[in-house]
Every structure is written in structure tokens, then in C-alpha cells.
Amino acid sequence: MENYFSSQRDTIFKNVEVLIYVFDVYSFETEKDIFYYQRSLESLVTHSPNAKIFVLVNKMDLIPEYERDKKFEKHKAEILEYSKPVQIKCFQTSIWDETLYRAWSSIVQDIVLNSSLLANSLNEFSNVIEADEILLFERTTFLVVSQSLRKEHSDLKRFEKISSIIKQFKVNCNRFDTTFQSIEIKNDNFTIIIDNFTPNTYIMVIVSDPNITPALTIHNIKYAQKHFQLLESQT
């Protein structure tokens, strides 16, 4: 570890765009963890002062559920204090629930250069086609890149569920030497369309208006592709 901060410091911490630092909530070497964390921050300030820094407090599943938020807020306050004057964002995570997916999605959204412009364009597109909700997923990981919501949804964990289902579907496609292109799901309550959108994203559109046909929604998706591909090329 010391090599990172001595002989390799100039190489490792130069031209860094993002640092993601992971703390184990049950670490038995807290002082050592903080020491290396602060060394990392000092190196970034010297070699990459504009780097974005994200901290994950991991293994939160080991904490009883009724204590998790309180425990996390305590750790977060300490980490923020140790980080001064550097600005960071902190997340509680576990590999056993949706928190890790949510944290990674937030990080991806934060590092997209045109995130606000992308969100505004997605909102405009959603209003034009009268969609209940539109999501952009990163092509490989299926992390949420951007979202437009016009109709509230009660399931706050739906992104993680959708991502898991689609990734499993892609695995099954690969087994049969086929590639995933698009999915259309329709019932009495809504239509869901997931389709290729830009070189780096898939789009999911949810429509509940029975007068809007899937064919029209697909046409609108294809029509909007060029605009969003241009936005993506500018990031």
C-alpha cells in the first residue's frame, strides 16, 4: 500500500477523474483506514484537484436494520470531517440489497458531463410522447443514467429489479448466440418498451394511455435517437 503513496504516487493520482473509496463498516483498523484515505485525498489535491470523490460505507447488511441509518449517519459525519476541505459524496451500501446499485447509478449520473441537459431533454421527450416514465440505462451495466417521471410509482426498488431481469435476459440470449435488441410488454394497464437508443444506452418507455400504440412509441423513440446521440457525443 505504501508504494501507492511513495514511488507510484505521481503516476497513480495524476489525471484522475473519479475516486471511489470503500470503507468497511466493521473494519478493525479504523485509524489505518482513515490514514490511507486522507493520504489519497492529499495526493488527489496535489495531482488531480478537480477529481470527483465518492465514498461507500459498505457491508451495511451486517448492521441490524433498525440501526443502519443512525450508524451510517455517524460514519458519514466522521468521513466528512476527515475529508475537509475536500467535497465528497457518501453512500451506504451492501452487496445483498439494492443500495449498491443505487449508489453506482448515482455516481454514473453525477459523472455524466451533460447530465442536466440530458435530463431536460428526456423530460421534454416524455411530455411530447405522453409517457408515464422514461429511463436511460447504461448499455453494459444497466445502471440508470437518467430518468423522467410524469406519473408517480410506488415501487422504489423497480430500477434494480428491471436491471436484474434484463441482465439475466441478456445472459440467456447469449447462450443461444443471439443479441438483445428490444422488448415490448403490453397488458391492460400499460405498455413497456425497452430498445436500443444510443451507442452507450438503452431506453425504457412506460405508457399507460391505451390510445397510444406501441408502434407510435417505437416510432418516436427512433425519431429522437439522433438528438440524444448528439448529446452523448458531447459528453
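What this report covers is the structure whose coordinates are included nearby. The written sequence of each chain sets the order in which its residues are numbered from 1. With the structure being a predicted model, the display of local features is reserved for residues of pLDDT at least 70 and the display and counting of side-chain atom pairs for 80 or more, all residues being used for whole-chain, interface and lining totals. Side-chain descriptors were evaluated using all non-hydrogen atoms of the structure, hydrogens and water having been removed beforehand.

### Digging into unusual backbone geometry
What you tend to see is this: most non-glycine residues have negative phi, and most peptide bonds are trans. Here the residue pair Lys-84 and Pro-85 is connected by a cis peptide bond, since its omega of 5° sits within 30 degrees of zero. Per the convention used, a helix needs a DSSP run of H or I reaching at least four residues, while a strand needs a run of E reaching at least two, with both numbered from the N terminus. Within the secondary structure, Pro-85 is located in the loop between α4 (65-83) and β3 (89-92). Even without being glycine, Lys-59 reaches a positive phi, approximately 65°. Topologically, Lys-59 is positioned in the loop between β2 (52-58) and α4. Although it is not a glycine, Phe-142 adopts a positive phi angle of roughly 60°. Residue position: Phe-142 is located in the loop between β4 (133-138) and β5 (144-149). The exposure class of Phe-142 is buried, given its relative accessible area of 0%. Each residue gets one of three labels from its accessible area relative to the maximum for its type: buried under 20%, exposed over 50%, partly exposed in between, using a 1.4 Å probe on protein chains only.

### Considering the pattern of salt bridges
Only one rule defines a salt bridge in this text: a Lys or Arg side-chain nitrogen within 4 Å of an Asp or Glu carboxyl oxygen. This model, assessed by the stated rule, comprises nine salt bridges. Linking Asp-110 and Lys-89 is a salt bridge whose minimum nitrogen-to-oxygen distance equals 2.4 Å. Remark: Lys-89 occurs in strand β3 and Asp-110 occurs in helix α5 (residues 99-111); sequence separation between them is 21 residues. Lys-89 gets classed as partly exposed once you look at its relative accessible area, which sits at 43%. In this structure, the salt-bridge partner of Arg-102 is Glu-160, at a minimum N-O distance of 3.7 Å. Of this pair, Arg-102 sits in helix α5 while Glu-160 is found in helix α7 (residues 158-175), placing the two residues 58 residues apart along the sequence. Several salt bridges share partner residues, and in doing so they unite Lys-52, Lys-89 and Asp-110 into one network.

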